[in-house]
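# Understanding the architecture of this molecule
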Amino acid sequence: AQTVTQSQPEMSVQEAETVTLSCTYDTSENNYYLFWYKQPPSRQMILVIRQEAYKQQNATENRFSVNFQKAAKSFSLKISDSQLGDTAMYFCAFMRGNQAGTALIFGKGTTLSVSS
Amino acid sequence: NAGVTQTPKFQVLKTGQSMTLQCAQDMNHNSMYWYRQDPGMGLRLIYYSASEGTTDKGEVPNGYNVSRLNKREFSLRLESAAPSQTSVYFCASRETSGAFEQYFGPGTRLTVT
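Residues numbered from 1 in each chain as written. Chains lettered and ligands numbered in written order. Predicted model: local features only at pLDDT ≥ 70, side-chain atom pairs only at ≥ 80, totals over all residues. Heavy atoms only, no water.

### Overview of the nonpolar core
If you look at the biggest cluster of nonpolar residues, it comprises 25 residues, and the most contacted ones within it are A:Tyr25, A:Trp36, A:Phe75, A:Leu77 and A:Tyr90. Taken together, the elements giving at least two residues each to this core come down to strand 3 (19-21), strand 5 (32-39), strand 6 (46-52), strand 8 (64-69), strand 9 (74-79), strand 10 (88-96) and strand 12 (110-115) of chain A. No other element matches strand 10 of chain A, which puts 4 residues into this core. Aside from chain neighbours lying at most four places away, what touches A:Tyr25 is A:Thr3, A:Val4, A:Tyr32, A:Leu34, A:Phe68, A:Gln69, A:Lys70, A:Lys73, A:Ser74, A:Phe75 and A:Phe94. Among the nonpolar cores identified, the runner-up in size contains 20 residues, and B:Met32, B:Tyr64, B:Cys91 and B:Leu110 belong to it. (Core = buried A, V, L, I, M, F, W, Y, C linked by side-chain atoms within 4.5 Å. Buried < 20%, exposed > 50% of the residue type's maximum accessible area, 1.4 Å probe, protein only. Helix = DSSP H or I, 4+ residues; strand = E, 2+ residues; numbered from the N terminus. Contact = heavy atoms within 4.5 Å.)

### What to know about the interface of chain B and chain A
With 27 residues of chain B in contact, the opposing surface of chain A contributes 22 residues. Where chain B abuts chain A, roughly 2,000 Å² becomes buried across the two surfaces, and 57% of that area is made up of carbon and sulfur atoms. Across the chain B-chain A interface, the total number found is 1 salt bridge. A salt bridge links B:Glu101 to A:Arg50; its shortest N-O distance comes to 3.6 Å. Our enumeration of links across chain B and chain A arrives at 10 residue pairs in polar contact (both at pLDDT 80 or more). Taken together, the residues of the side of chain B that touches chain A sort by class into 14 nonpolar, 9 polar and 4 charged. (Buried area = accessible area lost by both parts, 1.4 Å probe. Salt bridge = Lys/Arg side-chain N within 4 Å of Asp/Glu carboxyl O. Polar contact = N/O pair within 3.5 Å; in protein donor to acceptor, adjacent residues only side chain to side chain. Nonpolar A, V, L, I, M, F, W, Y, C, P; charged D, E, K, R; others polar.)

### A short note on the state of the cysteines
Here the structure, examined in full by the defined rule, presents 2 disulfides over all chains. Paired through a disulfide, A:Cys23 and A:Cys92 show a sulfur-sulfur distance of 2.0 Å. Since a negative S-S torsion denotes a left-handed disulfide, the A:Cys23-A:Cys92 link at about -70° is left-handed. Here A:Cys92 lies in strand 10 and A:Cys23 lies in the loop between strand 3 and strand 4 (24-26), a separation of 69 residues in the sequence. Under the relative-accessibility criterion, A:Cys23 is labelled buried at 2%. Across the disulfide from B:Cys23 sits B:Cys91; the S-S distance is 1.8 Å. Looking down the S-S bond of the B:Cys23 and B:Cys91 bridge, the torsion is -70°, so its handedness is left-handed. (Disulfide = S-S within 2.5 Å.)

### Considerations on the confidence of the model for chain B
Summary statistics for chain B give a mean pLDDT of 94 and a share of 97% for residues scoring 70 or more. No element of chain B has a lower mean pLDDT than strand 10 (residues 102-104) of chain B, which averages 94, and none a higher one than strand 8 (residues 74-78) of chain B, which averages 98. (pLDDT = per-residue confidence, 0-100.)

### Thoughts on the packing of aromatic side chains
In total, this model carries 15 aromatic pairs over all chains according to the counting rule given. Ring plane angle 35° and centroid distance 6.0 Å describe the contact between A:Tyr25 and A:Phe94, whose orientation is recorded as tilted. Here the residue A:Tyr25 occupies a position in strand 4, and A:Phe94 occupies one in strand 10, the gap between them amounting to 69 residues. Each member of the pair, A:Tyr25 as well as A:Phe94, carries the same accessibility label: buried. When the ring of A:Phe106 is compared with that of B:Tyr35, the centres are 5.7 Å apart and the planes differ by 90°; the resulting orientation is edge-to-face. Placement of A:Phe106 in strand 11 (residues 105-106) and of B:Tyr35 in strand 4 (residues 31-38) is noted, with the two residues assigned to different chains. A:Phe106 sits in the buried class, given a relative accessible area of 8%. Under the relative-accessibility criterion, B:Tyr35 is labelled buried at 0%. In textbook terms, an aromatic cluster arises when at least three aromatic residues are bridged by ring pairs, as seen for A:Phe35, A:Tyr37, A:Phe91, A:Phe106, B:Tyr33, B:Tyr35, B:Phe90 and B:Phe104. The positively charged end of A:Arg43 is found above the aromatic ring belonging to B:Phe10, 5.3 Å away from the centroid. (Phe/Tyr/Trp six-rings, centres within 6.5 Å; stacked < 30°, edge-to-face > 60°. Lys NZ or Arg CZ within 6 Å of the ring centre and 35° of its normal.)

### Re the pattern of salt bridges
In the structure shown here, the tally under the stated rule is 7 salt bridges over all chains. Between A:Lys55 and A:Glu52 there is a salt bridge, with its nearest N and O atoms 3.5 Å apart. Judged by relative accessible area, A:Lys55 falls into the partly exposed class, the value being 38%. Taking the relative accessible area as the measure of exposure, A:Glu52 reaches 11% and is therefore buried. Across the pair A:Arg63 and A:Asp86 runs a salt bridge, and its minimum N-O distance is 2.8 Å. Taken together, the positions of A:Arg63 in the loop between strand 7 (60-61) and strand 8 and A:Asp86 in the loop between strand 9 and strand 10 put the pair 23 residues apart, joining distant regions of the chain. Shared partners join several salt bridges into a network, and the residues in it are B:Arg36, B:Asp38 and B:Arg44.

Quick look at the structure:
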């Protein structure tokens, strides 16, 4: 069975600094997808970034980028130029293939606090 | 474009009461999901529906039933609520091709006393 581990329950950073959230996963699959979701205090789940395992290039979305190390089964999220609005819980998630019905497997989350 | 909607947003039940959480999506997605979120546990899958007319158990299905009423709607029923079912419940949907992103509803906070 696949598992997702986020080893940092809480992180804090100052505005404008860079922070990296860690995620490791365990799978024997070759075709899979990885995601980072953000959950602000509003509770809404918001997709931050995704990575297809078959792509070697790391995904980037504005200030958010990932370091995908397939052999090490590591998928960290880097947030550059942190903003107060980045304060949220961040979940790493794994999806085995993309067949109909395939669900996400989530890590337990990292609470990120950005201060001024 | 409403995306994924859930009702109600908040609910308090007494032990043994029943209720149905409603979910609807307007994106013409085939797959729909119910997750629960507990402190320190992340989100865990309760049930899913790969397509209209099919449902399957996820990681934590005990105490729940689901109905895929049509392509748009996927409801979650608690027949006899227990305090262990106090949680935040999320419905989600996704395409089966293309971007394969899951879209989430706003969640329902359920308290069972």
